Each structure stands twice: as C-alpha cells, then as structure tokens.
Amino acid sequence: MCGIGVIISGVRIDSAYPISDPTSPVSSVFSVDDFKAALRRRGPDSLGCKKIFLHPAVSGEECVELRCCGDQSNGELHFIGATLQLRGINPITQPLVDEFGNILVYNGEIFGGIHVGNDSNDAKILMQYLGKCCACGSHGHTTACNNSGLGKSSIPELLSIIKGPWAMIYWQDSSRTMWFGRDAFGRRSLLVHWPNSEDFRFLLSSVSPISIVEQSSAGEILHTHIGYFKWSSNCLRPGTATSPVPLLLVFKRVVQNSEIHLPPDIKMVLYCCHLWECWLTNFEVDNGITNINFWDELPCGVYSLSIGSAKSNKSLLGEVKKHEWTNPMLRELVKWERAFVEPKPAELHSMIPSEQADMRSICLERLERVPSGLGTMQTSVPLPAQTVLTALRESIMRRTTQSAIFLAVTCDLKQEELVPVAILFSGGLDSMILAALLDECLDPIYGIDLLNVSFDGQFAPDRISAKAGLKELQRISPLRRWKLVEVDADLLKLTQETQHVMSLINPAKTYMDLNIGIALWLAAGGEGWVYEEIVELGNEDYQRVKYKSEARILLVGSGADEQCAGYGRHKTKYRSGSWLGLNEEMKLDMQRIWKRNLGRDDRCIADNGKEARFPFLDEDVIRTLLDIPLWEVANLDQPSGTGDKKILREVARMLGINEAATLPKRAIQFGSRIARESNKKNFGSNRAANQASAGSVVINGISNLT
C-alpha cells in the first residue's frame, strides 16, 4: 500500500474562487508536512516529493505555452509519494520521474492486462507504458489520434486494461496534463478537494491529514467525559455509573429537553459549547460551506486536468474532464448486468434442498473422476460452486505470489518465522474460505496470521467463532502454522485513537463508519495475543503471550455480501420485490461499494503500513458470479445461514470447512461488540441508540468541517 497526493496552487479550476498564491499559507487548511505525515504511515519504506513550477509563456500575441521554472512562478504542482514496496528486487522511491519529465505516483497492484515479471515493480512497469502513451483525450488534443497504428494507446485505454486495484496521479509533460483516477471498483482510496473558500488549492490524497481544527481544544470539549453522574427525574446528579458521561450526550439531551436540571459548572461548560456551535453554524453559512465536506471520495474513473493560460491576464487555467473506460469487458462489469435473474418453475423445483444435495454429490463424484489437467468432463457437468471455487483460488494465488521483495523486507527473520500474508479473521464464512484457500496457495514454509479484534474479550461473537474456525482450519491443514492473533480493545481507553480514526474515515462521518473504522484499524495493526505451546516434562500446555503480526499483505472479505446476497436488506428486498428487486439491490450495493465501504476500509487498514487485498473483488470473480443464475447464488426463501450466500456455503463445504458453511452473516461492528460499547458511550445505552438509529447518526463536532 502506498500513499499518494498532489497539491496544486496558482491554477484557476473553478472561477468562483480566487487563485491561491503558492507561497501563501493563509488559504491552506493543511500544510505539506501534514500530508507527508499522513501518507508516510501508509508507505513506511520511502517518502519523496517533486515540484513543478509553471507560468504562461508568450508566443506572439497569445499566451499558449507553459514553461517550467522555479522563480516567480504562477502555479505549482507538488507531488508526494510514500511507498510500501511489495514487488520488485530493487527499492524504489516515489514520485517516479522519467527522461521525458513525466511524473508518476502510484498506489496499486497489477494482476493482469500488463505483464509484470516476478522480479519487477509494477509502478516502474506502468511508468514505462505511460511514457509511450499519446496525448489523446487531453484538452489540448482535439484532432483524431494518428498513433493507433504505431502501437501507441491513450492513457484511458491503457488504464482500462489493468486488472487489479489502483489509484494514480500522472503528469504528462508533453501535453501539460495531469491524469488521475482510481480503478473501476474503487479498491484504492483517492480523495479530492475541489477549490473553495476554505482552501483555494486543488488537492488529491490517499487520506486526509488531521487538521488544526480537529485538534483544537474547542473540538475536544464536546467529546470529553464529565465524570460519574446518573440521570434522575431529568436531573444530572453525582452517582456511581460504571463509566463517565460524555458531555456530548448531555448536550444532546439539553437540546431535546429544556427542563433538564444541571449542576452550575456543567451548565457553564455547555453554555460555552452552545456559543461554539452557534459560531460554527454562522461561520458555515457566512462562508457558503454548509453541508459541504472538505474532502470527497473521488468517483471511480480516469480524469484529466489540462492546464492552459488565459489571454486576458496571463493566469493559469485548469479544466477537469472525466474519461470513459474503453475496455468493453470492463464496461460490462461496471454495469453489473446479470443475464439470468428470474428462475422458471422447473428451476425453482430443482432448488429443493434434498434434491440439490443429491445433485451436488453426483457432480462432485464426476469431477473427482476428471484426470488432472485434462478437464474432459468439466464442460459436460458445469457446477456453479466449482466455477466460483476455481475463480477464487486463482484470485488468491494472484494476490499472494511471493517475490524477492519479501526476502529483502524480512531478511532478519528465520524462514520458519516468516508470515507474509495475514487475514482479517472473524471465523465466519468469508474469512474461513479465504483462510482455507490461502493455505492451498501459500508455500507451506510460511505461517498464516488470523487477525481477530474484540471489544468484549473472549465473549464477543467474533472471538468465539474465530476460535472455532481455528480448530477447523487446524483439522483440515494440521501442518500449517496458524496463529490466531487476539486483538483486545477497550473503547473507553481509545480517545486519541478514536480521533485519529476519525481523520482516516473522512469524508465518512457516521457512528457506524467510525465503529467499523476503529475495528479495522486495530485488527490490521496486528498487535495482540497468541497462545504458544509449552512442553515441560512431557506435559503440553499453552501460555498467552504478546505478539505483533508483521504481515504486510492482508486478505479481506469485502465484496462477498454484496455479490452473494449476504445482507439483511437483501432478504427484505426479496420479500417485497422478488428476484428482480433482489437483483437491483445487489447491483446498487456493488455500484456504490467504492463510496460506502472500500475507500474507508483502505484508509483504515493502510494506516498501519499494510496492504488490503480483496479476493472477492477480483475482476474474474465478479464476472464468474455474474454469469451464474441468481437463484444459484442465493435462495432467500431458506433461513439465514442456509440460503443467503448459498453458493459460498457450497464452496466452503467443498473446502471441508463444514461448520463455517452454516454460520449466519455478522458485521464486524456487531461481531466484535464495538457497536454495543459505542452505543453505551455515546448514547447511554443500546436501547437509546436503537431509538436514535445510532448507526446512521452523523457524528457531531468539529471533525465535520474536514
């Protein structure tokens, strides 16, 4: 995982706001050092910067050219790249600069479309391909392309054929155009700040730094706790509550009920908070930023920012354009159209569990008789689950292929201690499938870390299922070195960590986003406890010892629920809209996963210097699942744990993990019990939180500004 960013000043992109002075910090919410610090956490191996200074150059009577210079420039482009290197023999430092003056900062993995050798770095390979691209599609290139017959392609054409997650920023010097974007499913984060009165600059970044506003004492006041009190007849009195009362909760109750009686000192603090909130509201209205985030998730796609000059005042102008994907196969995936949605009566009859189980046994027996590598009977007996299993296995193989960089990174460890890949592990269906397949794909000399987070010690549902899952994995693969890393957390002791994660989930800002973000951030950190065997005098025993996972690649099960009808809302939609309604809901989930899930999850995981990889969101896996009739993917007439994600449950049985195949869906915020702890902390109780629909409640406070 890498951290990438660019800061553009002195270029008018939206004429509604003035051009920022590259030498003036007045209009800047974040400093360059803020960006460097945030991006360096994502890319701990190296950090680099590259500046381009621009100003119009006069040619005749018109300002039509741009020249790079360092003195008295009108505009400035400041590229920042922090690298977590997982591929290639030789270390690299971003930004990459080639002999033509092109600049690249890249965060991603190339798993297909462009050949990358086992000893090569994909960013360097991509830089070579980009350098051969023509300027087609840029603002200044208005004529038809004359290079198609010369083996050259445009940048959108090149990026459209890449398989794998990516986000990139690329300066094409010949056309004075900056290209940027993220892959079609948004598996890598890229945030954009469009110039406004808060900050006149155009900004792109993998993650938001923590702003000065977020760190202000006024912002901290509302999120502090005021001691141990209890509510009694609308009065706040000293008491023996089990945890301090959040001032924000008191503030909310006062707003909702003017009859509440408070101690004088607390009343004064709340009065100050009220003045602060009023000032903040007036500030937003006066500056025209009401309900506008500082950052937005950049929608998936390829964009160009072409820089030209105005004839009137010789200022620099930038025009942003979004480009279409040119690869027909990719366009089809983005549309997420399924050919077979509604079953016929005969097909519904074949979904009866007993008959289906008999058919599965027959198919498996036939598949077992197929000679290895020949596949003579595969086409005659197509088994959907077998097809999905094959696609998932290949997806994980692509994401866990070892290269020489692992030896360079972990050269101080003994080979038997190496753990290059870990799994965010709940013991549920998705993570168990990933674990079983990773065991098949990863060299037996390596161990596998299973990272599990709990906010209720050994009693959280995910901790219980994780321990059961570990036993099942040890049964099917006893020679593998499995380590269940138990990450234990207490939400009340995570004040600074919570504020940090708030900046990571930005621009998301609900309690649900924060709960998920904290759980992912802690789990990805990999710092917890493991059980080690003790052998003394022939007696075997275990002790719990501190352990930190050094795995830099984390497999995550994102995308399984969206594609296989794993959410409760899928059953609700199926009941009201039958198969067509279910299909539309799943399509909606897949087309908004970049905004609701993946950007947030990428930022929280990568902040630990780890890279999240999503096997269920591999292009070939998505295509495979879309080719399968919907009634083979899920049967929501059956109970939870049976019909939801039906096809993945069949995959689990094929892998021999039968207990996991029956587990119901449980989201990380509930399985880890952070939602329960958050509800008590921020709303007083689970009941109060449920009445307020806590999951969708926007978090109050200064962080909403950033």
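Just so you know, these numbers come straight off a predicted model, no measurement behind them. (Residues numbered from 1 in each chain as written. Predicted model: local features only at pLDDT ≥ 70, side-chain atom pairs only at ≥ 80, totals over all residues. Heavy atoms only, no water.)

Participant: Any details on the overall build of the protein? Residues and values, ideally.
Facilitator: On a plain count of helices and strands, the protein comes out with 23 helices and 23 strands. Of all 706 residues assigned to the protein, the portion counted as buried reaches 54%. Long-range contacts, defined as pairs at least 24 residues apart, comprise 72% of the intrachain contacts of the protein with a sequence gap of at least 6. Approximately 31100 Å² of the protein is accessible, and the part contributed by carbon and sulfur atoms is 52%. (Helix = DSSP H or I, 4+ residues; strand = E, 2+ residues; numbered from the N terminus. Buried < 20%, exposed > 50% of the residue type's maximum accessible area, 1.4 Å probe, protein only. Contact = heavy atoms within 4.5 Å. Areas by Shrake-Rupley, 256 points an atom, 1.4 Å probe, with all protein chains shown as cover.)

Participant: Which residues make up the sheet that holds strand 9 (residues 177-182), and what are the values?
Facilitator: Here 7 strands make up an open sheet; going across it, the order is 2-16-15-9-8-7-6 and the pairing mixed. Of all strands in the sheet, those with a lone pairing partner are strand 2 (11-12) and strand 6 (96-97), marking the two edges. When strand 8 (residues 166-172) meets strand 9, the two strands line up antiparallel, connected through 6 bridges. What sits directly across from alanine 167, in strand 9, is arginine 182. Helix 2 (residues 122-131) rests against strand 6, strand 7 (103-108) and strand 8 of the sheet, and its axis sits at about 135 degrees to strand 7. (Pairing = 2+ DSSP bridges. Axes fitted to C-alpha atoms, helices over the stretch in contact; angles between N-to-C directions.)

Participant: Would you mind going over the pattern of salt bridges in detail, with residue names and values included?
Facilitator: In total, this model carries 45 salt bridges according to the counting rule given. Linking lysine 163 and aspartate 620 is a salt bridge whose minimum nitrogen-to-oxygen distance equals 3.2 Å. With lysine 163 in the loop between helix 3 (155-160) and strand 8 and aspartate 620 in helix 18 (residues 619-627), the pair connects residues that are 457 residues apart, well separated along the chain. In this structure lysine 163 comes out as partly exposed when scored by relative accessible area, which is 34%. Notably, a salt bridge pairs glutamate 440 with arginine 393, separated by 2.7 Å at the nearest N-O pair. (Salt bridge = Lys/Arg side-chain N within 4 Å of Asp/Glu carboxyl O.)

Participant: Tell me about the nonpolar core, and name the residues and values.
Facilitator: Within the largest apolar cluster, 147 residues are counted, with the highest numbers of intra-cluster contacts made by Ile433, Leu450, Phe455 and Leu648. Setting aside its immediate chain neighbours within four residues, phenylalanine 455 contacts Ala489, Leu491, Leu494, Ile518, Ala519, Leu522, Ser672, Arg673, Ile674 and Glu677. Ile4, Val11, Val105 and Leu298 belong to the second largest nonpolar core, which has 25 residues in total. (Core = buried A, V, L, I, M, F, W, Y, C linked by side-chain atoms within 4.5 Å.)

Participant: Mind laying out the side chain of serine 678, listing which residues take part and the relevant values?
Facilitator: Along the chain, the position of serine 678 falls in helix 22 (residues 674-683). On the basis of relative accessibility, which here comes to 1%, the residue serine 678 falls in the buried class. The contacts of serine 678, once residues within four sequence positions are left out, are Leu491, Tyr511, Asn515 and Phe683.

Participant: For the packing of helix 10 (residues 384-400) against helix 20 (residues 646-654), give the residues involved together with the corresponding values.
Facilitator: Direction vectors running N to C along helix 10 and helix 20 enclose 75 degrees, while the axes themselves pass 9 Å from each other. With respect to helix 20, the element helix 10 is oriented roughly perpendicular. Of the residues in helix 20, those touching helix 10 at Pro384, Ala385, Gln386, Val388, Leu389 and Leu392 are Ile647, Leu648, Glu650, Val651 and Met654. Of the residues in the contact of helix 10 with helix 20, the class split is 9 nonpolar, 1 polar and 1 charged. (Parallel < 35°, antiparallel > 145°, perpendicular 65-115°, else oblique. Nonpolar A, V, L, I, M, F, W, Y, C, P; charged D, E, K, R; others polar.)

Participant: Let's hear about the packing of aromatic side chains: which residues, and what values?
Facilitator: The full count for this structure, using the stated rule, is 11 aromatic pairs. On the basis of an interplanar angle of 80 degrees and a centroid distance of 6.2 Å, the ring pair of tryptophan 166 and tryptophan 325 is categorised as edge-to-face. Linking tryptophan 166 in strand 8 with tryptophan 325 in the loop between strand 16 (316-323) and helix 7 (328-335), this pair joins segments that are 159 residues apart in sequence. With respect to class, tryptophan 166 is no different from tryptophan 325; both count as buried. Grouping aromatic residues by their ring pairs yields a cluster made of Phe30, Phe35, Phe294 and Trp295. (Phe/Tyr/Trp six-rings, centres within 6.5 Å; stacked < 30°, edge-to-face > 60°.)

Participant: Describe the pairing of strand 19 (residues 482-488), naming the residues involved and giving the relevant values.
Facilitator: Burial of strand 19 is extensive: 5 of the 7 residues sit out of reach of the surface. Crossover handedness for the path strand 18 (residues 448-454) to helix 13 (residues 461-476) to strand 19: right-handed. (Right-handed = clockwise from strand over helix to strand, strands pointing away.)

Participant: An account of unusual backbone geometry is requested, with residue identities and associated values reported.
Facilitator: Geometrically, the link from glutamine 94 to proline 95 is a cis peptide bond, its omega value of 0 degrees lying close to zero. Its place among the elements puts proline 95 in the loop between strand 5 (75-83) and strand 6. Going from asparagine 506 to proline 507, the amide bond is cis rather than trans, its omega being 15 degrees. Within the chain, serine 578 stands out as a residue other than glycine whose phi angle is a positive 55 degrees. Along the chain, serine 578 turns up in helix 17 (residues 568-606). Owing to a relative accessible area of 33%, serine 578 belongs among the partly exposed residues under this scheme. You will see that serine 693, though not glycine, has its phi angle at about 50 degrees, which is positive. Relative to the helices and strands, serine 693 is located in the segment after helix 23 (686-691). For serine 693, a relative accessible area of 41% gives the class partly exposed.

Participant: A description of the pairing of strand 18 should follow, citing residues and the corresponding values.
Facilitator: A large share of strand 18 lies buried, amounting to 7 of its 7 residues. Covered by surrounding structure in strand 18 are Ile448, Leu450, Asn452 and Ser454 together with Asp449, Leu451 and Val453, the residues of both alternating faces. With 3 bridges connecting them, strand 17 (residues 421-424) and strand 18 associate as parallel partners. Pairing of leucine 424 across the sheet is with leucine 451, part of strand 18. A crossover links strand 17 with its parallel partner strand 18, the connecting element being helix 12 (residues 429-441), and its sense is right-handed. Two strands pair when backbone bridges link them, and strand 18 and strand 19 are joined in this way by 7 bridges, in the parallel orientation. By the bridge assignment for strand 19, aspartate 449 is matched with lysine 483.

Participant: Before we move on, can you summarise the packing of helix 12 against helix 13 with the specific residues and values?
Facilitator: Direction vectors running N to C along helix 12 and helix 13 enclose 25 degrees, while the axes themselves pass 11 Å from each other. One element, helix 12, and the other, helix 13, form an angle in the roughly parallel class. Here helix 12 runs over helix 13; the crossing is right-handed. Judged by residue contacts, Met432, Ala435 and Ala436 of helix 12 engage Gly469, Glu472, Leu473 and Ile476 from helix 13. Grouping the amino acids of the contact of helix 12 with helix 13 by side-chain chemistry returns 5 nonpolar, 1 polar and 1 charged. (Left-handed = near helix turned anticlockwise from the far one by under 90°.)

Participant: Can you lay out the confidence of the model for the protein for me, pointing to particular residues and giving the numbers?
Facilitator: If pLDDT is low for a region, its predicted coordinates should not be looked at in detail. Mean pLDDT over the protein stands at 82; residues scoring 70 or higher make up 72%. Scored below 50 in pLDDT, residues 362-382 shows 15 contacts in the model against residues more than four places distant or in partner chains. (pLDDT = per-residue confidence, 0-100.)

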